[in-house]
Structure formats: C-alpha cells, structure tokens
Amino acid sequence: MTTPPAAPAAPAPSPAPASAERRRAWDEVPRWQIYLPLGIYLVFTLVPFYWILLFAVRPAGSTSLLPWPMTTAHFEKVWTERSFGVFFQNSLLIGVAVLVMTTVVALAGGYALARFDFRIKKGFMLALLCSQFVPGALLLVPLFQIFAELRMINSLGSVIIAETVFQLPLSMILISGFIRNVPYSLEEAAWVDGCNRFHAFRIVVLPLLRPGLVAVGSFAFVHAWNHFLFALMFLSSQTKQTIPVGLNTLMGADSVDLGALAAGGVIAAVPVVIVFGFIQKWLVTGFSAGAVKG
C-alpha cells in the first residue's frame, strides 16, 4: 500500500516591507498628537509676521488688533522720505551680482574638486570647511585695508566682492557634491562623440546641475540681501546704502517709528518670500541631490 504524497508546505509569509510598517505606525498615531504641535509652531511662526504687517498698514496712533482701516502712509514715507527706493535698487543690484559671481566661480571650482585629483586637494577642502567657522567681523579690517588701497570704499563693488568671497567656500563644497552625483560615464560618452571637456560639461553635466545651482544661487542672493555688516562698513554715502542699513536708520536714540520700521521690514521681506516661493521645488530637489554622497 502506497502512501499519498505529502502536500507541499505552505510558503512562509514574507516580512512586510519597512515602508508598510512605517505607514502602519503612522496610522496608529492619534491625529491630535500631530496637529497640535504643528498648530502651535504655526502660531509662533505667523504671529510675528502678522504683527509686522499690522503695524505697517495700521494708521499711526491706532491700537486696533485688526488692520482696518488700512493705510499706505508708512510705505510712502519709507519709500520716498527715507530713500528706501534707492536702498532697494542697491540691495537688488548687490544680490544679483553676488548670485551670478558666486554661482559661476563656485561652478568652476566645484567641478575641479569633483573631477580632478591633485596633491593638496584634501588640505584645500579642509581649508574651505574651516573658513566657515570664521565670523565675518574678523574680515572687516583686512578687507577695509584692501579696498582702501584699491580706492573702492563707498563703492557697491566692494560689498559685492566681499559677499562673494564670503559665500564661495560653502558654495564650492555644495557644487562639488552635486557634480559627484553626475555619473562620469556620461562625460566620457560625450568625449567619444567628439565633444571636448568644456562642451561635454555644458551639454551633459550643466543641465543636470540646475537644482543645485538654484540652491546655491538662492542662498547667495538671500545672504547678500540680508547682510548688514559689510554694507555698513564699506558704504558711507546714503545713496549707496542697502535695505538692512536703511532699516537701522529708522531706529533713533530716543524713539522708534514703529509704523515706518514695520513697513521697511515688509519691503525687505517681500523679495525673499517671492524668490523662495518660485524656487522652493528646485531648492528641495537640489539639497536632496547634494546630500546623497560627496
């Protein structure tokens, strides 16, 4: 008598993927434990902005907590009487110039760091990293002496050069990380097709670096727009001052015009908000790409 063949053993259940486990753990968390901290953080973030906007559009002497009736008198005062129109143009010129110069120089230096090996490469990278621990105030005296010898004091060019030099180390490190994420085989394939190194970089590598360039350029622009120290030290004429220095002039020794100061703060914040509103997608993508390796 023959025994029937044994039934095949049932396959062991495969373990649930880690993403499914994280999703299940997320679903088990009560929603109030998520939304309550986020709501508190949102309140602490937005209330100062609302307070500044309230003082900017509220008539002088009003104590209302609602921006009604609204007035533009504070904006007209700072734009015309306090020369914020000139300050805005100077800050915009400095910010755009620093953005372009920092991006171009950092792109060339970052490519060299990512694609070439030379004897002092590690020491040079270490020097770039260590330069980030040097505060800008320590650079004032040597930079002032250099610009005085070059007769560039009270010139926008002095602030542009100083801001560019201050932004270059970190920008070069970030750009080199972005370039390392681009496969070297793509450039080699372009060389086989007849391109030289420059054309291969321009055609193959540069389009892939767009998120990284946006991230580096945006931070260079915002830093140059908001920086106070270099403009205060190197620019003495009122027609050459920038937005941060102009805000400082609104605070007197005995009194502060809160409406004018709030209006100036709104004028200073609007370009930065617009810039980040347009480039937020590229910014997140750029930092994600640069954080993978390099």
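Residues numbered from 1 in each chain as written. Predicted model: local features only at pLDDT ≥ 70, side-chain atom pairs only at ≥ 80, totals over all residues. Heavy atoms only, no water.

What the chain contains, in helices and strands, is 13 helices and 0 strands. Across the chain, helices and strands are ordered from the amino to the carboxyl terminus as α-α-α-α-α-α-α-α-α-α-α-α-α. For the chain, buried positions account for 34% of its 294 residues. Restricting the contact set of the chain to residue pairs at least 6 apart, pairs at least 24 apart contribute 72%. (Helix = DSSP H or I, 4+ residues; strand = E, 2+ residues; numbered from the N terminus. Buried < 20%, exposed > 50% of the residue type's maximum accessible area, 1.4 Å probe, protein only. Contact = heavy atoms within 4.5 Å.)

Here the focus is the pattern of salt bridges. Evaluation of the coordinates by the stated rule reveals 2 salt bridges. In this structure, the salt-bridge partner of D117 is K121, at a minimum N-O distance of 3.4 Å. Judged by its relative accessible area of 16%, K121 is buried. (Salt bridge = Lys/Arg side-chain N within 4 Å of Asp/Glu carboxyl O.)

This part covers the confidence of the model for the chain. Of all residues in the chain, 84% attain a pLDDT of 70 or more, and the chain-wide mean is 81. The element-level mean pLDDT for the chain is lowest in helix α1 (residues 18-28), coming to 61, with helix α4 (residues 84-115) highest at 91. (pLDDT = per-residue confidence, 0-100.)

Right, let's get into the nonpolar core. Formed by 19 residues in total, the largest nonpolar core has its most connected members in L107, L128, I175, I179, F201 and L209. At the level of secondary structure, the elements contributing two or more residues to this core comprise α4, α5 (121-131), α7 (156-180), α9 (197-208) and α10 (210-226). Looking at this core, the element that brings in the most residues is α7, giving 6 residues. (Core = buried A, V, L, I, M, F, W, Y, C linked by side-chain atoms within 4.5 Å.)

On to a nonpolar patch on the surface. A surface patch of nonpolar side chains, about 390 Å² in accessible area, is lined by L92, V96, V100, V104 and V105. Along the chain, V96 turns up in helix α4. Look at V96 and you get partly exposed, because its relative accessible area is 42%. (Patch = residues over 30% accessible without salt bridge, like charges linked within 9 Å, V, L, I, M, F, W, Y side chains within 5 Å. Areas by Shrake-Rupley, 256 points an atom, 1.4 Å probe, with all protein chains shown as cover.)

Two numbers describe how α9 lies on α10: the axes approach to 4 Å, and their chain directions differ by 60 degrees. Overall, the two elements α9 and α10 adopt an arrangement that is oblique. Where α9 abuts α10, its residues L206, P207 and L208 lie against R210, P211 and L213. Looking at the contact of α9 with α10 residue by residue, the classes come out as 5 nonpolar, no polar and 1 charged. (Axes fitted to C-alpha atoms, helices over the stretch in contact; angles between N-to-C directions. Parallel < 35°, antiparallel > 145°, perpendicular 65-115°, else oblique. Nonpolar A, V, L, I, M, F, W, Y, C, P; charged D, E, K, R; others polar.)

Within the structure shown, the criterion is met by 12 aromatic pairs. Each residue in the set F144, F147, F166, F230 and F234 is aromatic and connected to the rest through ring pairs, giving one cluster. (Phe/Tyr/Trp six-rings, centres within 6.5 Å; stacked < 30°, edge-to-face > 60°.)

End to end, α9 covers 16 Å across 12 residues, agreeing with the expected 16 Å (1.5 Å per residue, within 8%). All buried positions along α9 are accounted for by A200, F201 and V205. Down the axis of α9, the sector holding all buried residues measures 95 degrees, keeping them to one side. Buried positions along α9 lie against α4 and α8 (184-192). Two or three places before F198, at the opening of α9, N196 has a side-chain oxygen 3.3 Å from that residue's backbone nitrogen. (Expected span 1.5 Å × (residues − 1). Arc of directions from axis to C-beta. Polar contact = N/O pair within 3.5 Å; in protein donor to acceptor, adjacent residues only side chain to side chain.)

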